[in-house]
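Letter by letter, the chains look like this.
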Amino acid sequence: LKANIRDYIGGYETERMKINLFVLQKYNFGILSGTLGMGKTTILKWMASELKKYKSKIVSGYIDGSKMKSPSSSIKEVISPVENPLEKLIIKPHKELNLDNAVSYLRRKLRNKRYLLLIDDISKVSDYGTELLRRLFKSQINMQLIISGTKEEIASSDMKSMIAED
């Protein structure tokens, strides 16, 4: 049986409302912080599931920060939401992309759609992955970014500099 993630989210009405408002108001940068085991991953996965309903307007992707360790894996995770099955399985454009051309690749693929990335466990993202996210965020792509982690992880993350930029 396929279970709906909503069946497992209880008591997070306020948090879900805030996240919905974030998307609707088109804010650029958001932080979901809390203690370990609080449910940050569950909330982000719920959001990813909900956003699939709006894929004609918003391209979204949930990324486990631990999968953004190497340059190639960082690019692969970030571009995966815009790839079609042929690109994911056979062409694999992430192998040819780097920090300089990944942004233009995404711009071409997205056209005028909004791009929303949900990055879980931001402390596990490599320096390369952080720089890639920073470049995407600063580019002219219509992008929203939500990161998650404990307050300490976010404070020690290189992503904290984006808080002041938004």
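See the structure printed just above.
Residues numbered from 1 in each chain as written. Predicted model: local features only at pLDDT ≥ 70, side-chain atom pairs only at ≥ 80, totals over all residues. Heavy atoms only, no water.

Novice: What's the story with the overall build of the protein in this structure? I'm lost.
Specialist: Within the protein, the regular secondary structure consists of 8 helices and 4 strands. Across the protein, helices and strands are ordered from the amino to the carboxyl terminus as α-β-α-β-α-α-α-β-α-β-α-α. Restricting the contact set of the protein to residue pairs at least 6 apart, pairs at least 24 apart contribute 76%. Accessible surface, the protein as shown: approximately 9500 Å² in total, 51% of it carbon and sulfur. (Helix = DSSP H or I, 4+ residues; strand = E, 2+ residues; numbered from the N terminus. Contact = heavy atoms within 4.5 Å. Areas by Shrake-Rupley, 256 points an atom, 1.4 Å probe, with all protein chains shown as cover.)

Novice: Is there a simple way to explain helix 1 (residues 13–24) in this structure?
Specialist: Every α-helix winds through 3.6 residues per turn, so residues three or four apart in the chain are directed the same way. Taking 1.5 Å per residue, 12 residues should reach 16 Å; helix 1 reaches 16 Å between its end C-alpha atoms and fits that length. In the core, the buried residues of helix 1 are packed alongside strand 1 (29–33), helix 2 (40–51), strand 2 (58–64), strand 3 (114–120) and strand 4 (143–149). Following helix 1 by one or two positions, Lys 26 has its phi on the positive side, about 60°. (Expected span 1.5 Å × (residues − 1).)

Novice: How do you make sense of the packing of helix 5 (residues 99–110) against helix 6 (residues 127–138) when you look at a structure like this?
Specialist: A pair of packed helices is characterised by two quantities: the angle between their axes and the separation of those axes. One way to put it is that helix 5 packs onto helix 6 with a least axis distance of 10 Å and a crossing angle of 45°. Taken as axis vectors, helix 5 and helix 6 run oblique relative to one another. For the crossing formed where helix 5 meets helix 6, the hand is right-handed. Contacts between helix 5 and helix 6 involve Leu 99, Asp 100, Ala 102, Val 103 and Leu 106 from the first element and Tyr 128, Glu 131, Leu 132, Arg 135 and Leu 136 from the second. Taken together, the residues of the contact of helix 5 with helix 6 break down into 7 nonpolar, no polar and 3 charged. (Axes fitted to C-alpha atoms, helices over the stretch in contact; angles between N-to-C directions. Parallel < 35°, antiparallel > 145°, perpendicular 65-115°, else oblique. Left-handed = near helix turned anticlockwise from the far one by under 90°. Nonpolar A, V, L, I, M, F, W, Y, C, P; charged D, E, K, R; others polar.)

Novice: Explain a positive patch on the surface to me, please; I cannot follow it from the model alone.
Specialist: On the surface, a cluster of positive charge is contributed by Lys 45, Lys 67, Lys 76 and Lys 95. Examined against the element boundaries, Lys 95 turns out to sit in the loop between helix 4 (85–91) and helix 5. (Patch = residues over 30% accessible without salt bridge, like charges linked within 9 Å, V, L, I, M, F, W, Y side chains within 5 Å. Salt bridge = Lys/Arg side-chain N within 4 Å of Asp/Glu carboxyl O. Lys, Arg positive; Asp, Glu negative; His and termini not counted. Charge placed at Lys NZ, Arg CZ, Asp CG, Glu CD.)

Novice: Would you explain the packing of helix 1 against helix 2 in this entry?
Specialist: Contact geometry of helix 1 with helix 2 gives a least axis separation of 11 Å together with a crossing angle of 45°. The orientation of helix 1 with respect to helix 2, classified from their angle, is oblique. With respect to the hand of their crossing, helix 1 and helix 2 are arranged in right-handed fashion. Only Ile 43, Trp 46, Met 47 and Leu 51 of helix 2 make contact with helix 1, whose side of the interface consists of Glu 15, Arg 16, Ile 19, Asn 20 and Val 23.

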